[in-house]
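Summary of the model geometry
Letter by letter, the chains look like this.
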Amino acid sequence: MTLFALSLVVLAVATAPIVLAWIERGRPRRLAAWAPLYGVLAAAAVVVVVAEVVRGRSPAAALGNYSGTSNGRFSWPVPGGHISQYFHYGHPGIDIAGRTGDLVHAAAAGTVIYAGWRNNGGGYVVWVSHGSGIYTTYNHLSAVLVGTGQHVSRGQIVGRVGMTGWATGPHLHFEVWRGGVPGGVDRRVNPLPYF
Ligand SMILES: [Zn+2]
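Residues numbered from 1 in each chain as written. Predicted model: local features only at pLDDT ≥ 70, side-chain atom pairs only at ≥ 80, totals over all residues.

**Some details on unusual backbone geometry**
With glycine set apart, most residues show a phi of negative sign, and most peptide bonds adopt trans. Although it is not a glycine, Ser132 sits at a positive phi angle of roughly 55°. Its identity is not glycine, yet His140 carries a phi of approximately 70°, on the positive side. Its place among the elements puts His140 in strand β6 (residues 134-141). (Helix = DSSP H or I, 4+ residues; strand = E, 2+ residues; numbered from the N terminus.)

**A closer look at the nonpolar core**
Core analysis: the biggest nonpolar cluster contains 30 residues, and Val126 and Tyr138 have the highest contact counts within it. Listed by contribution, the elements that provide at least two residues to this core are β2 (94-97), β4 (110-118), β5 (123-129), β6 and β10 (171-178). The greatest single-element share of this core, amounting to five residues, is contributed by β5. Beyond its immediate sequence surroundings of up to four residues, Val126 is in contact with Val112, Ala115, Tyr138, Leu141, Val144, Val146, Val158 and Gly159. (Core = buried A, V, L, I, M, F, W, Y, C linked by C-beta atoms within 7 Å. Buried ≥ 20, exposed ≤ 12 C-beta atoms within 10 Å, placed from the backbone. Contact = placed C-beta atoms within 7 Å.)

Structure (structure tokens):
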């Protein structure tokens with residue numbers, strides 16, 4: 001997202017002089033001299049914006065074909081549960097409201113790399129590696145129903161909704177890590193494009 005914001009700034013900087021010159025209509029030669037540079041900058045910015053949009057909208061490509069069924073996209077981990085908090089700065093995941101005991105399903109096939117208690121606020125958690133550097137984590141669980149090292153299929157039950165750890169009400173805090181293992185360098189991304 002930072003790259004996206006940066007590209008917008010570059011685009012604004014690159015096009016501002018053209019707009020200003022057009023408004024002034026006073027120094028066409030000056031504009032003509034700098035026009036190629038502005039053009040290059042604007043073109044570069046457009047390329048960056050497009051690349052960023054494509055990258056954000058086609059996570060399925062990064063997911064590869066490990067998920068077996070469907071088109072490679074995630075399945076909803078808490079059927080019927082609605083989003084109570086979105087991904088934003090300071091909240092690196094989505095909250096899916098539910099009732100304590102509701103079943104939590106793996107969003108995609110993979111291998112459980114951690115299942116148990118964490119002192120980082122997650123409470124009882126399950127971490128699943130999906131390959132291609134993609135991981136999902138399921139937090140605040142009231143019950144963990146898989147074990148570390150276990151293979152899970154897409155939609156398989158991994159636990160139950162709860163409010164263990166730092167949670168004020170029963171919900172699933174769901175995260176997607178891309179290019180970094182959970183618990184390591186923060187590589188959390190917005191989960192929504194993966195569904
Ligand atoms: Zn949360």
